[in-house]
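Chains, contacts and geometry: an overview
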Amino acid sequence: MATNNNWPSCAKLRPVKSRVPPRSWDSHMHVTEPRYPLVANAAYKPMPHTIEDAMTFESSLGIENVVLVQPSIYGFDNSCLLDALRRIGPSRGRGIVVIDPAHTEPARLGAWHKLGVRGVRINFKSSGKEPTRGELRQTLFEHAELIRPLGWMIQVHTAMSMIPLLEEIIPQLGVKVCIDHFGGPDLSQVDWDKGGSFDPYSLPGFQSLIALLKAGRTYVKISAPYRLSQDEEFRDLEIIIREFLREAPNQILYATDWPHTRFSGINVEPFTEQCLRICGSQSSAERVFRLNAEELMDSSLDV
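The name that an unreviewed UniProt entry assigns to the protein is Amidohydrolase-related domain-containing protein, with the source organism given as Aspergillus versicolor CBS 583.65.

Structure below.
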């Protein structure tokens, strides 16, 4: 879907908060509180970032709804996330938990569903270990078997170079899948041409990601640009977003990655402005900021 110039020219003069579509979702953010125990090998010690802090931040961007994602530092203990969901209620919150399929009862997942949980996260990127094809297949199928009756999705945090393996497996899972942070591209070796552009299909795994998006059961989050981009203005990621929009506009979700763990001084307003500009129209922005998230996370609370 090509972007267009239907966005009102006066919109550029209005603050981002007033331009974000009503009832928008931040599809990837975290809450952390020191009173919850960390795993033994936690990569960092979090500062307090409560759900109340989160909603204050979201209000500054004009965002009403949030998807809480379990951070790696809490392992399989989802208590912090679940307590935050209880505090804001399912009308404004969704959750993505981390589970051990071998030690998780379906009844527990059913109770979490009523709180607003709609998916499980598998984080290959933070573990630092790249699974074999067999390990990847086994892990995905074990999670899919548990969540399929609830209509949940699997969220995968991985390097883009692994996505060709996912392209083989995802169509067999019988569940939706969402890929974190632009699909995890390695942008360090981008070959810019004289016109200030590059071919995103030169990135290992990008072609497979596009194929999955076009098939309609896989989504991707445009989030955490500061973790990926080699350019202060995120021009490399802008090229990727434009290709996502052109090929699969119904499969893209905006997110802030608040509170930007292990980064400081991050201001997501310029990136949010950039996303709105790239969308190019109100209808496209509603897709990226609201409708795609609602279709992926669903608004039903029936088990």
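Attention now goes to the pattern of salt bridges. Under the criterion given, the structure shown has 18 salt bridges. For Arg86, the salt bridge identified is with Asp83, shortest N-O distance 2.6 Å. Here Arg86 and its partner Asp83 are both found in helix H3 (residues 79-88), three residues apart, which amounts to about one turn of the helix. Glu294 is paired through a salt bridge with Arg290; the nearest N and O atoms lie 3.4 Å apart.

Moving on: the environment of Arg121. You can see Arg121 is positioned in strand S4 (residues 117-123). We classify Arg121 as buried; its relative accessible area is 6%. Taking the C-alpha atoms as reference points, Arg121 and Gln155, separated by 34 residues in sequence, lie 4.6 Å from one another. Not counting residues up to four positions away in its chain, the partners in contact with Arg121 are His28, His30, Val69, Gln70, Ile96, Val97, Val98, Gln155, His157, Asp180 and His181. A distance of 3.5 Å separates a polar atom in the side chain of Arg121 from the backbone oxygen of Gln70. Here Asp180 takes part through its side chain, which lies 2.7 Å from a polar atom of the side chain of Arg121.

Ile51, Ala54, Met55, Phe57, Glu58 and Leu61 are the residues of helix H2 (residues 51-61) that are buried. Summarising the axial view, the buried residues of H2 lie within an arc of 160°, below the 170-degree limit, and thus occupy one face. Tucked inside the fold, the buried residues of H2 contact helix H1 (16-19), strand S1 (25-29), strand S2 (65-69), H3, strand S8 (252-254) and helix H10 (269-279). Following H2 by one or two positions, Gly62 adopts a phi angle in the positive range, close to 80°.

So, about the packing of helix H9 (residues 235-247) against H10. Their axes nearest at 10 Å, the elements H9 and H10 cross at an angle of 40°. In this view, H9 runs oblique relative to H10, as classed from their interaxial angle. When you trace H9 past H10, the crossing you get is right-handed. Between H9, through Glu238, Ile241, Arg242 and Leu245, and H10, the contact on the second element is made entirely by Phe271, Gln274, Cys275, Arg277, Ile278 and Cys279. Tallied by class, residues from the contact of H9 with H10 come to six nonpolar, one polar and three charged.

Cut-offs and rules
- Residues numbered from 1 in each chain as written.
- Predicted model: local features only at pLDDT ≥ 70, side-chain atom pairs only at ≥ 80, totals over all residues.
- Heavy atoms only, no water.
- Salt bridge = Lys/Arg side-chain N within 4 Å of Asp/Glu carboxyl O.
- Helix = DSSP H or I, 4+ residues; strand = E, 2+ residues; numbered from the N terminus.
- Buried < 20%, exposed > 50% of the residue type's maximum accessible area, 1.4 Å probe, protein only.
- Contact = heavy atoms within 4.5 Å.
- Polar contact = N/O pair within 3.5 Å; in protein donor to acceptor, adjacent residues only side chain to side chain.
- Arc of directions from axis to C-beta.
- Axes fitted to C-alpha atoms, helices over the stretch in contact; angles between N-to-C directions.
- Parallel < 35°, antiparallel > 145°, perpendicular 65-115°, else oblique.
- Left-handed = near helix turned anticlockwise from the far one by under 90°.
- Nonpolar A, V, L, I, M, F, W, Y, C, P; charged D, E, K, R; others polar.

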